[in-house]
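So the chains spell out like this:
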Amino acid sequence: MMGPKQEAQAALFYEFSLEDHVLQDHLLRSIDRFADLDDIRQYLAEFYSHTGRPSIDPELLIRMLLVGYCFGIRSERRLCEEVHLNLAYRWFCRLDLSDPVPNHSTFSKNRHGRFRESKLLRHLFEKTVARCIADGLVSCQRLAADASLIEADANKQNSTPKKDWDHSTIAPADAPRAVKEYLDVLDDAAFGAASKVDPKFTSHSDPASQWSKEDQKTIWEIVFPTNARKGPAFFSYSTNCLIDTDHSVIVDVEGTRSIRQAEVGSVRTMLDRIKDLHDINPERLIADSGYGSGPMLGWLVDRNIKPHIPVLDKSGRTGGTWSRADFEWDAENNHYICPGGEPHKQFRRNYSDPNRRPTGKGVAKYQALKHTCQACPSKMKCCPNADARKITREEHEGARQIARDIAKTKQYVVSMRLRKKVEMLFAHLKRILGLGRLRLRGPCGANDEFLLAATAQNLRKLAKIFPAPQQTSKA
Ligand code: SF4
């Protein structure tokens, strides 16, 4: 039997409880148990004036931002609408049915002002990491690092080719916020000073972003396609993540210019920071070959961190002649032994004045005696076009050899599988959390977005592993 037509009838009085209308297994219920925001007001106290109109509660703004980053709501206008309409979002933000939702313009004032000055977003992120450590999700033994390009809020149409760009003509007083930030980070190793090579194009709206092209798709990005554009180059920043591979918890995150030197440098910054903050001394660092340069491997070995990283090695030879790998290193005597059994020495002269002798630092050259090579029956296989064979040895060759030896172990095979977890996180970041393109400009804006997104990912991880207990219905 068809029931009566549903008519909207406004009741005079309602008995309504938000608590009863939010599902027991809603993700926000679990996230709420781990979002520790009690100290925000105290943390920000000195950034508020003692007089004037009372502000919007900063905890409410942070709760709304967390909702936005946890559920991929990228627009602040839309976030305000969603919080206005969604009962679970209201419950998480501690807003009752009749409480007004703040205006979207409040966010930009606080984000660019007191949130940034106080480093509140980093404080929140570090609290979630500390919570993950306290709950046993981080063993701090196997860390993996990688970077991913996130498109900046900048377009090619509003950019200048390299030959026409001169930052010395910019007047900082009249410049927009993102341009001022660009001028501030010109000497920063993560941005302006990362490379002496100027980018092909510089954006007018966000000059610190890098004109770059995304690398080849990885297998994980094929399975979980990201929103980042493939093919043509675009303006971007890199989000650099350091994760613990046990439960894929992000232990640190850093925004940089999208070039390899800046990305490698950021891993060192992050490893130093987590040691200072959380006393994390990893047993190994897992990364791809982009991080396998001699100085980086040497830096890791000096800190007793095993580099599970493919070595960047350009010593291989084409044409079938023997490469450096065919020569044996004799560390005790500081020389190579060639396949013909002859020693290759770095210095053969005895200097009466030791100050005159070469320092031996940097790339060292080792060479056999010319007449030995000329008489050698293997010369055509070794150095067919030279009088004698020379071998070079980089400053960090010892660390490179340690990495090569690690690459032959079973643990390394496991590490290469674990490395994919970082790529999974990037795919999740872009595909599920919608961070394919930044909404904030400048290095600070990019860092703010990366920190909030990493906080949201860690909170979601905690919520998934430790869901809120379900209330059993009364019999
Ligand atoms: S050519 Fe010279 S370096 Fe090469 S195997 Fe013979 S002696 Fe050794």
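What you are looking at is a predicted structure, and each value in this text was computed from that prediction instead of being measured.

(A) Representation of the side chain of threonine 239 in the model. Examined against the element boundaries, threonine 239 turns out to sit in strand E5 (residues 234-244). Overall, threonine 239 belongs to the buried group, its relative accessible area being 2%.

(B) Highlighting the site of the ligand. Surveying the vicinity of the ligand reveals the residues Trp322, Cys338, Gly340, Glu342, His344, Cys373, Cys376, Lys379, Cys382 and Arg389. Class assignment for the residues of the shell around the ligand results in 5 nonpolar, 2 polar and 3 charged.

(C) Region of interest: a nonpolar patch on the surface. Taken together, Tyr14, Phe16 and Leu97 make up a surface patch of nonpolar side chains, about 350 Å² in accessible area. Looking at where tyrosine 14 falls in the secondary structure, it is placed in the segment before helix H1 (18-21). On the basis of relative accessible area, tyrosine 14 is assigned to the exposed category, the value being 67%.

(D) Fine view of the UniProt feature "domain: Transposase InsH N-terminal" (unreviewed entry) in the protein chain. Within the UniProt annotation, "domain: Transposase InsH N-terminal" (unreviewed entry) is assigned to residues 17-112. As a span, residues 17-112 carries 56% helix and 0% strand, and end to end its C-alpha atoms are 36 Å apart.

(E) Region of interest: unusual backbone geometry. In the Ramachandran plot, arginine 94 falls in the positive-phi region, its phi being about 60° despite a non-glycine side chain. Inspection of the secondary structure puts arginine 94 in the loop between helix H6 (87-92) and helix H7 (105-117). The backbone of cysteine 140 shows a phi angle near 65°, a positive value even though the residue is not glycine.

(F) Fine view of helix H8 (residues 120-134). With 15 residues, H8 extends 21 Å from end C-alpha to end C-alpha; this agrees with the ideal 21 Å at 1.5 Å per step. Contact partners of the buried residues in H8: helix H3 (40-44), helix H4 (58-70), H7, strand E6 (249-257), helix H11 (260-278) and helix H18 (442-465). Glycine 136 occupies a position one or two residues after H8 and carries a positive phi of about 80°.

(G) How the structure looks around the confidence of the model for the protein chain. When the pLDDT values of the protein chain are averaged, the result is 88; 94% of them are 70 or greater. Low pLDDT, under 50, characterises residues 216-229; the predicted model gives this stretch 24 contacts beyond four residues in sequence or across chains.

(H) Quick peek at the nonpolar core. One finds Ile62, Met64, Phe92, Leu242, Leu271 and Leu285 to be the most contacted residues of the largest nonpolar core, which totals 103 residues. Ranked by the residues each element gives to this core, the list is headed by H18, at 10 residues. Looking at which domains feed residues into this core, each of domain 1 (18-118) and domain 2 (125-287 + 419-465) supplies at least three. Residues in contact with leucine 271, not counting those within four places in the same chain, are Leu143, Leu242, Pro282, Leu285, Trp299, Leu300 and Ile305. Judged by nonpolar contacts, the second largest core, of 9 residues, contains Tyr336, Cys338, Tyr366 and Ile391.

Definitions and cut-offs
Residues numbered from 1 in each chain as written. Predicted model: local features only at pLDDT ≥ 70, side-chain atom pairs only at ≥ 80, totals over all residues. Heavy atoms only, no water. Helix = DSSP H or I, 4+ residues; strand = E, 2+ residues; numbered from the N terminus. Buried < 20%, exposed > 50% of the residue type's maximum accessible area, 1.4 Å probe, protein only. Near = heavy atom within 4 Å. Nonpolar A, V, L, I, M, F, W, Y, C, P; charged D, E, K, R; others polar. Patch = residues over 30% accessible without salt bridge, like charges linked within 9 Å, V, L, I, M, F, W, Y side chains within 5 Å. Areas by Shrake-Rupley, 256 points an atom, 1.4 Å probe, with all protein chains shown as cover. Salt bridge = Lys/Arg side-chain N within 4 Å of Asp/Glu carboxyl O. UniProt positions renumbered as here; feature names shortened; annotations may be inferred. Expected span 1.5 Å × (residues − 1). Contact = heavy atoms within 4.5 Å. pLDDT = per-residue confidence, 0-100. Core = buried A, V, L, I, M, F, W, Y, C linked by side-chain atoms within 4.5 Å. Domains from an automatic or database assignment.

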